[in-house]
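Each chain, letter by letter, is given below.
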Amino acid sequence: MPDQDPSKTAPPTGLPAWMGGARPATVMAAVPGRRRKDSAVQKTIEGIAAALKTSVFSEKIASRPGLLQKMDPRAKAVSLLGLLVAAALVRQPLILLGLYAVTTAAAGASRISLKFFLKRVWLFIPVFAGLIVLPSIFNVVKAGDPLLTIWNFGHEVRLGPWSLGTSIAITKQGLTGAAILVLRVAVSVSLAVLLALTTRWSDLLKALRVLFVPRVFILILSMTYRYIFLLLDLAAEMFTARRSRMVGPSSPREDRHFAAASIGTLLGKSHALSEEVYAAMVSRGYDGEPLSLRRFHMRGPDWLLALAAAAAAAAAIGADRLLG
Amino acid sequence: MTANAFEVKSVSYHYEDAAGLDGVSLTVAAGEKVALLGANGSGKSTMLKILDGLILPNEGTVAAFGEKLTEETLNDEGFSKAFRRRVGFVFQNPEAQLFSSSVWEEIAFGPLHLGLEHDEIITRVEDTMHILGINHLKDRPPYHLSGGEKKKVALASVLAINPEVLLLDEPSAGLDPKTEDFLIHLISDLNRAGKTVITATQDLGIVPQIASRAIVLGEDHRLSGAGPAGEVLGDEELLRLANLVHYHAHEHDGLRHYHPHSHVEEHDHH
Amino acid sequence: MHIPDGYISPQTAGGLWALMVPVWYAAGNRIKRTLKARQAPLVAIGAAFTFIVMMFNVPVPGGTSGHAVGGTLVAVVLGPWAAVISVSVALVIQAFFFGDGGILAIGANCFNMAFALPVAGYYVYRLAAAGSPLSSFRRWAGAGFGAFAGINISAFLTATEIGIQPGLFHTANGTALYSPYGLSQTIPAMMLVHLTVIGFIEFAVTALAVAYLQRGHLELLGARATAAGGSRLKPLLVGLLLALIFVPLGLIASATAWGEWSPDQIRQRFGFVPRGMSRFAGLWQGIIPHYGAGGGFWSSTSGYFLSGAIGLAAALGLAFLVVKLIRRADRHA
């Protein structure tokens, strides 16, 4: 019975009159210019959800039979640290490029597609570093020997309180410094991504034991990681519930109040949940002293990896000092 | 003479703003299978938490295997480890129960923290996964499981402890019929193997399989009835007062006609 | 505000690790005593909470990125020590799993966001809210101003750590080895955006969330009221103040120890401000008279640092004044 006048259909007993019947068609028609745009917060929540899905996806990479996947997580963690320190200490762009090549080769040997790896590494952090460092290659921002003069004013130009100098140029120091920063960031991120992609989170946590991280921190880390997903789901639910209730665009004031209420609700629910989790832990014998089972054995190849990483780190630093 | 698993004497428990239980007494014999029935908020979960020594009653006493559960006894490491080995609790909300980073870790958590040997833990985890048919999930993180899988892992995490008493809070909530059937059969098998099983539920449909005796908590947080499961299920007046069934009104040719209707598919989620 | 690996030298990163280890140790012991076995689930869920709050990222020109942290809110609910661990854990997960913030830089990021921020924020909250009923407006206003102060101190520390890099670590011809921007650039860039935009986001998030808790979850605010007395907070605060003063000095000193250059060269280099930087000096002329004029102390790097510190102190002073006024208004009401 489409398009009936609701007032003419008696609603079933017990329901108020306005609740019965179908709605007049006009209410459903789109109102031009009133289409609601998703708020930035909504978009971010969706972005996070997507990012987390790729990290779930990454556990798939961790279960592939590749070079790094087969290694003991402790060997990987120690190797990562050694190479990170080397990457932080060297000062020649060429050496950094060499380290970058090593990480990319390791990614290949671990059956990570190059395209995926490059995207995962470069998107956001090194690209962002590049954008940030860009102004510093000009002599206007940071002094240096001009390499390429873009504009010669012939006289000093002032912009209010600022002096722009007599020319705009790209400097040698600026360009080298920018290259070093971006490469260093890229190598560091590649190393971290490589470890995260080829190691299951639960194994990675156990590897932290060798780095003298106390057990209780490891337990907290593992629980945090697990509850991030739950809280995200809760947050996403709140947004969906709100979206489904809203008709027109919301005012910034409403948005603020909603955001605060959701953060408050999230905090309240988190607290209640932590009580439940605590009860569940106590029920299974937890008394504040976390224990863990050792399920790993360092084998020949694991020692080899750690040694190779140490050698690569030492070689990088040595070559750097030799060149510089 | 059969020893009693639990003896609860006129127990009351108050939450900050509401009553949880009001003067409830009950006894559960070792090896019994008992259903704890009641509507949302009647105090079923509170009772299970009291039985598991997770909260202590404001008034009254509770004893497990002849020993009183008090602040003092539960803080005694020897007693508390022994008690936790003998009593296992499957929470209603698997999100709260599954806090580890993988299914394997989750199942190993109990045996590990209750002081079992390394090799024994590994055997138990593998065997428990096998019984529940969840071997393929062993490296999965818990957030990546379906509702039924979560429930199975939660049960596995308790079964690996091999407790004498199983406390189950709404085990059938939110399950598909096949998983529900599987779990209910497992529960009665466990009981036949000698385990005491206490199930809190408002799903009357599963009661005949999971319980030989039923205890009903009313909406006034008091005990409103107890007896053999068949008798309790037949006592419509009792069930209606406890808000476990209600009368549906239907109109046929202008004539009103009532019949009782149980909340078979409704479950609380808190 | 997360510093990635590569922006700061391993010496700076290592120094801040060395500072954080005793803080973590103390915090770990502290929560073990106060929260007992409950510490793990409480702190973990606090960490998951701040993790989600931190995901709402806004890029900051010249800095790294800006976002609310929620550290003050967690400190108000769980106490400052638990907040130290909660925010640290969230930062560690971001570094390992999402590459957000470096791994070597975990010490630095935790010092800024997991230590300075919640401790400063909590102290301001205590100052404003001490003795007031749980439902008082001093609670939400105090938490808001605390959050504002906390995130700005944190931003200032971040800017300082990044800003001292070019002066300390560059090659003979002046090529920056790590972040190329000096204090004269990082401090204005970070502080401008944090004092204006992000500080207020953090203020609003915290104040509104506390107000919400006052309406529905009063017990969450009360849980810590008795557990963390002011006197117990003092050593923590003194530690923070000492760190605030000595960290930059320590970092400068440790570079001397690094020993690539003679102390003379260091002094010379550290005092050296690239020509380009001094061009921005005009911006600060309105804030501190004679600043940047005629070189000398005010155009040196330490001058920039001090001027930034004065700017921050002025902002915090203002926040404290407002807190005082709030307390006064409350007494008269």
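Since this is a predicted model, take the numbers as computed values, not measurements.

Cut-offs applied
- Residues numbered from 1 in each chain as written.
- Chains lettered and ligands numbered in written order.
- Predicted model: local features only at pLDDT ≥ 70, side-chain atom pairs only at ≥ 80, totals over all residues.
- Heavy atoms only, no water.
- pLDDT = per-residue confidence, 0-100.
- Helix = DSSP H or I, 4+ residues; strand = E, 2+ residues; numbered from the N terminus.
- Contact = heavy atoms within 4.5 Å.
- Pairing = 2+ DSSP bridges.
- Axes fitted to C-alpha atoms, helices over the stretch in contact; angles between N-to-C directions.
- Buried area = accessible area lost by both parts, 1.4 Å probe.
- Salt bridge = Lys/Arg side-chain N within 4 Å of Asp/Glu carboxyl O.
- Polar contact = N/O pair within 3.5 Å; in protein donor to acceptor, adjacent residues only side chain to side chain.
- Nonpolar A, V, L, I, M, F, W, Y, C, P; charged D, E, K, R; others polar.
- Phe/Tyr/Trp six-rings, centres within 6.5 Å; stacked < 30°, edge-to-face > 60°.
- Buried < 20%, exposed > 50% of the residue type's maximum accessible area, 1.4 Å probe, protein only.
- Lys NZ or Arg CZ within 6 Å of the ring centre and 35° of its normal.

With that settled, the discussion passes to the confidence of the model for chain A. All names here are of chain A. Scored by pLDDT, chain A comes out at a mean of 75, with 73% of its residues at no less than 70. The secondary structure element of chain A with the lowest average pLDDT is helix α1 (residues 25-28), at 40, and the one with the highest is helix α4 (residues 93-109), at 91. Per-residue pLDDT stays below 50 along residues 1-11; that stretch engages in 10 contacts with residues further than four places along the chain or on separate chains. Counted against residues more than four places away or in other chains, residues 23-37, with its pLDDT under 50, gives nine contacts.

Residues and elements named next belong to chain B. Reading across the sheet, the six strands line up as β6-β7-β8-β3-β9-β10 and stay open at both edges, with mixed pairing between neighbours. What marks the edges here is a single partner per strand, and that holds for β6 (87-90) and β10 (223-228). Direction aside, the axes of adjacent strands within the sheet are offset by 15° on average. Lying on the sheet, helix α7 (residues 147-159) is in contact with β6 and β7 (165-169); it crosses β6 at an angle near 170°.

With that out of the way, let us pick up the confidence of the model for chain B. Averaged over all residues, the pLDDT of chain B equals 85, while 90% of them reach at least 70. Low pLDDT (under 50) marks residues 263-270 of chain B, which in the prediction has 18 contacts with non-local residues, meaning those over four places away or in another chain.

Looking now at the interface of chain A and chain B. On the side of chain B, 39 residues touch chain A, which itself brings 34 residues to the contact. Where chain A abuts chain B, roughly 3000 Å² becomes buried across the two surfaces, and 59% of that area is made up of carbon and sulfur atoms. The three residues of chain A that bury the most area against chain B are R226, R284 and L293 of chain A, which together make up 28% of that side's buried surface. Where chain A meets chain B, there are two salt bridges. Ionic pairing is found between K49 of chain B and E276 of chain A, a salt bridge with its closest N-O pair at 3.0 Å. Applying the counting rule to chain A against chain B returns six residue pairs in polar contact (both at pLDDT 80 or more). Of all the elements in the fold, those that place two or more residues in the side of chain A that touches chain B are α2 (40-62), α8 (201-207), α9 (215-245) and α10 (252-283) of chain A. A breakdown of the residues in the side of chain A that touches chain B according to their chemical character gives 18 nonpolar, six polar and 10 charged.

One pass over the structure, following the stated rule, counts 14 aromatic pairs over all chains. Look at Y100 of chain A and W122 of chain A: their rings are 6.0 Å apart centre to centre, the planes differ by 75°, and that puts the pair in the edge-to-face class. Of the two residues, Y100 of chain A sits in helix α4 while W122 of chain A sits in helix α5 (residues 114-122), which places them 22 residues apart along the sequence. Judged by its relative accessible area of 25%, W122 of chain A is partly exposed. Taking the centre distance of 5.6 Å and the plane angle of 70° together, the rings of W17 of chain C and W24 of chain C count as edge-to-face. Under the relative-accessibility criterion, W24 of chain C is labelled buried at 11%. These aromatic residues form a ring-pair network of at least three members: Y286 of chain A together with F99 and F109 of chain B. The side chain of K152 of chain B reaches across the aromatic face of F182 of chain B, ending 4.7 Å from its centre.

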